[in-house]
Amino acid sequence: MLKAFNKYGNAIEPPEFIELQWNRKFYDYGNFSLHMPLSVYDSGLKYLQFEGRPETGVVQKRYYENQNGIDYITLSGFFIDKLLDMGVAAWKIPFKVEQSGPSGATWNPVAIKLALWLTFSQYNQHLWDEVKAPDDPDPGYQESVDEYNEKLMIFKYRGSNLYSTEFSKEFLFPHGLNYIIEPGERMGQAFKKTFKPYKISVGAEPIFNPSGRERENMEPLIGLLLTSKEAKDKSRLVYFGEAFENIKKIEYNFDDSCIISDYTIRQEVPNESRFPSRSREYDYQQGKAFYYIYEHFMEPNNAPTDLGKSYPAGFIDSSIETFDNDLTESEVKEQMKRAALLDMLNHYKVESFSVDVMQNSFYYLKDYDLGDYCTIISTKLGNIPYKAQIIEVRERIAENKNEIEIVFGTPQKNKYRKVVM
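Definitions and limits used
Residues numbered from 1 in each chain as written. Predicted model: local features only at pLDDT ≥ 70, side-chain atom pairs only at ≥ 80, totals over all residues. Heavy atoms only, no water. Pairing = 2+ DSSP bridges. Helix = DSSP H or I, 4+ residues; strand = E, 2+ residues; numbered from the N terminus. Axes fitted to C-alpha atoms, helices over the stretch in contact; angles between N-to-C directions. Buried < 20%, exposed > 50% of the residue type's maximum accessible area, 1.4 Å probe, protein only. Contact = heavy atoms within 4.5 Å. Core = buried A, V, L, I, M, F, W, Y, C linked by side-chain atoms within 4.5 Å. Salt bridge = Lys/Arg side-chain N within 4 Å of Asp/Glu carboxyl O. Lys, Arg positive; Asp, Glu negative; His and termini not counted. Polar contact = N/O pair within 3.5 Å; in protein donor to acceptor, adjacent residues only side chain to side chain. Expected span 1.5 Å × (residues − 1). pLDDT = per-residue confidence, 0-100. Phe/Tyr/Trp six-rings, centres within 6.5 Å; stacked < 30°, edge-to-face > 60°. Lys NZ or Arg CZ within 6 Å of the ring centre and 35° of its normal.

Engineer: So what's going on with the sheet that holds strand β20 (residues 288-298)? Which residues, and what values?
Structural biologist: The strands that make up a sheet are held in pairs by hydrogen bonds between backbone atoms, and each pair lies either parallel or antiparallel. Reading across from one edge, β19-β20-β18-β21 is the order of the four strands in this open sheet, with mixed pairing throughout. Edge positions in the open sheet fall to β19 (279-283) and β21 (313-317), since each of these has one partner strand only. On average, each strand axis in the sheet is inclined to that of its neighbour by 35 degrees, with strand direction left out of account. For β19 and β20, the ladder comprises five bridges, and the chain directions are antiparallel. Bridge pairing links arginine 280 to tyrosine 291 in β20.

In structure tokens:
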């Protein structure tokens, strides 16, 4: 059930634990904790995998305690995709996909390489100088220019492939994805936020030093393989509720106090004829004129409850690159709407279920999984069917029991659906 690995990725004997908590999240970083007697603890344990789940846990915290004369230790940490946050954007990075499909599709290679280089660049430059042969004239990177004629240093991942980050061959790039990673954004958070509107989860698998050798200034974890998982709609196949006898407890949370649903988006553009709706505005503080186009975006489903046709308004400046390309006004406005959609995700009404489920009619990992859309019908909530996505799965294994709590996010009422029982 539980697999354990040392820092080289070599399998070691998994410990006999007292309790394991394995918390998976679709749009965020998951985490784990493992509680055991100190007597069975192997100090070489660095990574954990739970059979049937794709995540790899990284041991980042160790807590020792003595209870009733017995020594215990608790190991905990995030799943390995959290390591992407070690990288931070130092300047704006355009993240653009021109057509949908797996990673062989057309996308902006310079931007992607730059984004991935940023993830571990500080380590690469230092490590290459340390491990390259003394007579090797290769500096370990090549100079190039991006689409804006800016000078880039693209590090080569050759030899030991130091701290590389790669996309899996099956990684999904949705059509029209266009996002700018802002300076200061953590790379992992930026990737997750970029793909969230397309209902795609970004995860990672470890890439270890294949030889298992340890050299000065070279760590055994070489890099990460980025993976993706697309949400599936199983709302007509999987049901939860008292009538189905597969829930023990249900909690419901609703909050529409901080929503924004009606957006005005402004975008600076050059004074060119390809932007026929551009307007001239003078900035007296800067002492010069700018040209802008405007767009409107509204999501009527993200509105306050029982307040009539009330749609809280918002205003944002989008940051789409319009000066050094040939984008048309309609293309730019589509990207402006996506920018508003990304902002709205931070101002969406909160509506979630937390359900303790029983494995008797529908089975976790067989009938449903993290990210799937299911249907909830509770007598406590008026027997109204709710279609909701599984955004978190919390598992607790202790005393030969596997307890599962499922968190559903942003349910949608389906008042007229007929359920065959």
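Engineer: Describe the environment of serine 201, with residues and values.
Structural biologist: Take serine 201: it is sitting in strand β14 (residues 200-208). Among the residues examined, serine 201 registers a relative accessible area of 10% and is labelled buried. Spatially, the C-alpha atom of serine 201 lies 6.4 Å from that of glutamate 230, the residues being 29 residues apart in sequence. If we ignore the near neighbours within four places in the chain, the residues touching serine 201 are Phe26, Thr227, Ser228 and Lys229.

Engineer: Lay out the nonpolar core with the relevant residues and their values.
Structural biologist: Nonpolar side chains in soluble globular proteins tend to be buried together. The biggest cluster of nonpolar side chains holds 27 residues, and the ones touching the most others in it are Phe240, Tyr368, Ile390, Ile406 and Phe408. Listed by contribution, the elements that provide at least two residues to this core are β16 (239-240), β17 (247-255), β22 (350-357), β23 (373-376), β24 (386-398) and β25 (401-413). Every residue in contact with isoleucine 406, bar those within four places of it in the chain, is listed here: Phe240, Phe353, Ser354, Val355, Val357, Tyr368, Ile390 and Glu392. If you look at the next biggest cluster of nonpolar residues, it comprises 24 residues, including Phe5, Tyr47, Val58 and Tyr179.

Engineer: Outline the pattern of salt bridges, supporting the account with residue identities and numerical values.
Structural biologist: Tallying each qualifying case throughout the model produces 21 salt bridges. Residue arginine 396 is joined to glutamate 19 by a salt bridge in which the shortest nitrogen-to-oxygen separation is 3.1 Å. Within this pair, whereas arginine 396 is found in strand β24, its partner glutamate 19 is found in strand β3 (residues 19-25), the two being separated by 377 residues in sequence. What you see here is one network of salt bridges that share partners, running through Arg24, Glu55, Lys229 and Asp369.

Engineer: I'd love a proper account of unusual backbone geometry, names of residues and values included.
Structural biologist: With phi around 55 degrees, lysine 199 is a residue other than glycine that occupies positive phi space. Within the secondary structure, lysine 199 is located in the loop between α2 (187-195) and β14. By relative accessible area, which is 38% here, lysine 199 ends up partly exposed.

Engineer: How would you summarise the side chain of lysine 349 if you had to cite specific residues and measurements?
Structural biologist: Relative to the elements of secondary structure, lysine 349 occurs in the loop between α3 (329-344) and β22. Salt bridges are absent for the buried lysine 349, whose nearest opposite-charge side chain, glutamate 351, sits at 4.5 Å. In this structure the side chain of lysine 349 is engaged in a polar contact, spanning 3.0 Å, whose partner is the backbone oxygen of asparagine 301. Not counting the four nearest positions on each side in its chain, lysine 349 is found in contact with Phe254, Asp255, Asp256, Ile259, Asn301 and Asn302.

Engineer: Tell me about the environment of tyrosine 386, residues and numbers included.
Structural biologist: Looking at the element boundaries, tyrosine 386 is found in strand β24. When the C-alpha positions of tyrosine 386 and phenylalanine 240 are compared, they lie 9.8 Å apart, and in sequence the two are 146 residues distant.

Engineer: Which residues make up α2, and what values go with them?
Structural biologist: Where burial is concerned, most of α2 is hidden: seven out of the nine residues are buried. Along α2, the residues that are buried comprise Met187, Gly188, Ala190, Phe191, Lys192, Thr194 and Phe195.

Engineer: Can you tell me about α3, naming the residues and giving the values?
Structural biologist: The terminal C-alpha atoms of α3 lie 22 Å apart, and with 16 residues this matches the ideal 22 Å at 1.5 Å per residue to within 8%. Residues of α3 that are buried: Glu329, Val332, Lys333, Gln335, Met336, Ala340, Leu342 and Met344. Structurally, α3 contributes buried residues whose contacts are with β13 (178-181), α2, β18 (262-268), β20 and β21.

Engineer: Residues and numbers for the confidence of the model for the chain, please.
Structural biologist: Should pLDDT be low for a region, the predicted coordinates there are not to be read in detail. Per-residue confidence for the chain gives a mean pLDDT of 80; residues scoring 70 or more make up 76%. Ranking the helices and strands of the chain by mean pLDDT puts strand β4 (residues 31-37) first, with 98, and strand β11 (residues 151-155) last, with 39. Between residues 103-111, whose pLDDT stays under 50, and residues either more than four places distant or in other chains, the model counts 21 contacts. Here residues 136-162 is modelled with pLDDT under 50, and outside its nearest four sequence neighbours on either side it reaches 60 contacts, counting other chains as well.

Engineer: An account of the packing of aromatic side chains is needed here, citing residue identities and associated values.
Structural biologist: Any pair of aromatic rings gets described here by the distance separating the centres and the angle formed by the planes. Under the definition given, this model contains 15 aromatic pairs. Ring geometry for phenylalanine 26 versus tyrosine 27: centroids 4.8 Å apart, planes at 85 degrees, classification edge-to-face. The same class applies to phenylalanine 26 as to tyrosine 27, namely buried. The interplanar angle of 85 degrees and the centroid separation of 5.2 Å between the aromatic rings of phenylalanine 240 and tyrosine 368 together place this pair among those described as edge-to-face. Remark: tyrosine 368 occurs in the loop between β22 and β23 and phenylalanine 240 occurs in strand β16; sequence separation between them is 128 residues. Three or more aromatic residues joined by ring pairs form one cluster here, namely Trp22, Phe32, Phe50 and Phe79. The ring of tyrosine 29 has lysine 82 sitting right over it, with the charged end atom 5.4 Å from the ring centre. The ring of tyrosine 27 has lysine 196 sitting right over it, with the charged end atom 5.4 Å from the ring centre.

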